[in-house]
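Okay, here's what each chain looks like letter by letter:
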Amino acid sequence: MINMATKTFKYIVSGVVPVPNENIDTDQIIPARFLKATTREGFGKNLFRDWRFREGDEPITEFPLNNPKYQGKILVGGKNFGCGSSREHAAWAISDYGFDVVVSSFFADIFKGNALNNGLLPVQVSDLFLQKIFSEVEKDPTTQIEVDLEKESIRILSTGDQEQFEINPYKKACLINGYDDIDYILSHKKEIEAYEANRFTDE
């Protein structure tokens with residue numbers, strides 16, 4: 001498992017795994033009975049557990065994560081993704097499964113923050129653009145999506161349709177450089193030292 005503090009993200013071109021359900025809450029992403037562990041490792045195997053498996057661990061073949069025609073590091077969910085309880089484990093499970101990006105037309109604020117804090121990029125697009133993604137993937141499961149964090153853009157390669165998305169500049173810098181909060185502060189050590197030196201000089 002990658003240490004999230006050192007995980008970087010700038011750009012990706014990937015296939016997608018579509019889960020078009022709206023109002024996907026954190027208990028559906030990672031059911032509460034799997035929250036006993038305190039480290040980030042191992043949660044991916046139980047991502048969408050109750051949607052992926054029947055009793056007796058029998059895979060539900062029609063669920064997208066169990067369908068081999070859907071492959072990639074971009075998860076595309078329906079509107080209002082990550083609602084419900086504030087468990088950070090939801091972001092851990094998605095990242096541990098192997099996704100680097102989650103796309104939706106709306107994210108719950110706490111989930112969005114947890115994702116960014118754990119090296120997972122939430123890309124919020126318009127309802128129209130989200131439906132375009134689902135439509136293209138339905139026509140061709142191998143559809144590729146380009147996400148460019150530096151340009152803050154997402155593009156469907158097969159159609160050329162593109163949108164801009166917004167991200168907090170601080171979180172953007174952390175993702176691009178693999179910083180956690182302390183790393184980010186240390187990256188500005190010289191500026192801080194110069195400010196402190198000038199402040200005392202001025203006094």
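Here the structure is a predicted model, which is why all the values come from computation and not from measurement.

## Some words on the pairing of strand 4 (residues 74-77)
Here strand 4 shows a buried face lined by I74 and V76 and a second buried face lined by L75 and G77. Sheet topology note: the strand 4/strand 5 (residues 101-104) ladder contains three bridges and is parallel. Within strand 5, the residue paired with I74 across the bridge is V101. Tracing the backbone out of strand 4, into helix 3 (residues 89-97) and back to the parallel element strand 5 gives a crossover that is right-handed.

## Structural notes on the sheet that holds strand 8 (residues 153-156)
Pairing within the open sheet is mixed, and its seven strands lie in the order 6-5-4-1-7-8-9. Pairing within the sheet leaves two strands with one partner each, and these edge strands are strand 6 (121-124) and strand 9 (162-164). Across the sheet, the mean angle separating the axes of adjacent strands is 25 degrees when strand polarity is ignored. Across four bridges, the pairing between strand 1 (residues 11-19) and strand 4 is parallel. Across the sheet, P18 pairs through a bridge with V76, a residue of strand 4.

## Regarding the packing of helix 3 against helix 4 (residues 109-117)
At a minimum axis separation of 8 Å, helix 3 and helix 4 run at an interaxial angle of 50 degrees. With respect to helix 4, the element helix 3 is oriented oblique. For the pair helix 3 and helix 4, the crossing hand works out as right-handed. Only F111, N114 and A115 of helix 4 make contact with helix 3, whose side of the interface consists of A90, A91 and I94. Within the contact of helix 3 with helix 4, the residues separate by chemical class into five nonpolar, one polar and no charged.

## Here's the deal with the pattern of salt bridges
Charged atoms that come close allow side chains of opposite charge to pair. As enumerated under the stated definition, the model contains 10 salt bridges in all. One salt bridge in this structure joins D50 and R33, with 2.5 Å as the shortest N-O distance. In this pair, D50 is assigned in helix 2 (residues 49-52) and R33 in the loop between helix 1 (26-29) and helix 2, connecting sequence segments 17 residues apart. Overall, the relative accessible area of 49% leaves R33 in the partly exposed class. Residues joined in a network through salt bridges with shared partners are R54, E58 and E62.

## Side note on the confidence of the model for the protein
Mean pLDDT over the protein: 88, with 84% of residues reaching 70 or higher. Ignoring residues within four places in sequence, the model shows residues 1-5, a span with pLDDT below 50, making 12 contacts including any to other chains.

Conventions and cut-offs
Residues numbered from 1 in each chain as written. Predicted model: local features only at pLDDT ≥ 70, side-chain atom pairs only at ≥ 80, totals over all residues. Heavy atoms only, no water. Buried < 20%, exposed > 50% of the residue type's maximum accessible area, 1.4 Å probe, protein only. Helix = DSSP H or I, 4+ residues; strand = E, 2+ residues; numbered from the N terminus. Pairing = 2+ DSSP bridges. Right-handed = clockwise from strand over helix to strand, strands pointing away. Axes fitted to C-alpha atoms, helices over the stretch in contact; angles between N-to-C directions. Parallel < 35°, antiparallel > 145°, perpendicular 65-115°, else oblique. Left-handed = near helix turned anticlockwise from the far one by under 90°. Contact = heavy atoms within 4.5 Å. Nonpolar A, V, L, I, M, F, W, Y, C, P; charged D, E, K, R; others polar. Salt bridge = Lys/Arg side-chain N within 4 Å of Asp/Glu carboxyl O. pLDDT = per-residue confidence, 0-100.

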